[in-house]
Amino acid sequence: VQLQASGGGLVQAGGSLRLSCAASGNIFSINVMGWYRQAPGSQRELVATIITSGGNTVYANSVKGRFTISRDNAKNALYLQMNSLKPEDTAVYYCNYLVGGRSYWGQGTQVTVSS
């Protein structure tokens, strides 16, 4: 399974970005899909996850009400709509799929929010 994250960039505070994650390879059953981020000097942290069956979502407190995670099961694609961006959202964003008990990571996409 290979994951390709895209959609990052440079945006001013208050702006919006939409991240996408495309998957390829032998994907039979994705259990959970998620977005994580890692800022310089910090550990990787959960941003949001979605359970493919049922669509239940979990968000980090810091992004609740501003970010929305969604997926397209037919395309095995994952999205993250990020609104009202803040400088503290600056990080490399990674997508993650849990497939058959194994965890797969995308290569990351840089999001930079200027004040």
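Since the model is a prediction, treat every value here as computed from it, not as a measurement. (Residues numbered from 1 in each chain as written. Predicted model: local features only at pLDDT ≥ 70, side-chain atom pairs only at ≥ 80, totals over all residues. Heavy atoms only, no water.)

## Details of the state of the cysteines
- Within this structure, the stated rule accounts for one disulfide.
- Each sulfur of the disulfide joining Cys 21 and Cys 95 lies 2.1 Å from the other. Linking Cys 21 and Cys 95, the disulfide has an S-S dihedral of approximately 60 degrees and is accordingly described as right-handed. Highlighted residues: Cys 21 in strand S3 (residues 17-24) and Cys 95 in strand S9 (residues 91-99), separated in sequence by 74 residues. (Disulfide = S-S within 2.5 Å. Helix = DSSP H or I, 4+ residues; strand = E, 2+ residues; numbered from the N terminus.)

## Concerning the pattern of salt bridges
- Considering all chains together, one arrives at three salt bridges under this definition.
- For Glu 45, the salt bridge goes to Arg 37, with nearest N and O atoms at 2.7 Å.
- Residue Asp 89 pairs with Arg 66 through a salt bridge whose shortest N-O separation is 2.8 Å. You can see Asp 89 sitting in the loop between strand S8 (77-82) and S9 and its partner Arg 66 sitting in the loop between strand S6 (57-59) and strand S7 (67-72), a full 23 residues away along the chain. Of the two residues, Asp 89 and Arg 66, neither departs from the other in class, the shared state being buried. (Salt bridge = Lys/Arg side-chain N within 4 Å of Asp/Glu carboxyl O. Buried < 20%, exposed > 50% of the residue type's maximum accessible area, 1.4 Å probe, protein only.)

## Some remarks on the environment of Leu 98
- You can see Leu 98 is positioned in strand S9.
- A residue is classified by how much of its surface remains accessible, and Leu 98, at 30% relative accessible area, is partly exposed.
- The spatial distance from the C-alpha of Leu 98 to the C-alpha of Met 33 is 6.3 Å, given a sequence separation of 65 residues.
- In contact with Leu 98, not counting residues within four places along its chain, are Ser 29, Ile 30, Asn 31, Val 32 and Ser 103. (Contact = heavy atoms within 4.5 Å.)

## Focus: the pairing of strand S5 (residues 45-51)
- Sheet analysis places strand S4 (residues 30-38) next to S5, joined by six bridges and oriented antiparallel. Bridging across to S5, Met 33 finds its partner in Ile 50.
- Hairpin connection from S4 to S5: six residues lie between these consecutive antiparallel strands, with Gly 41 at a positive phi of about 80 degrees.
- Two elements, S5 and S6, share three bridges in a ladder whose sense is antiparallel. By the bridge assignment for S6, Ala 48 is matched with Tyr 59.
- Linking two consecutive strands that pair antiparallel, namely S5 and S6, is a turn of five residues; a positive phi of about 105 degrees is found at Gly 54 within it. (Pairing = 2+ DSSP bridges.)

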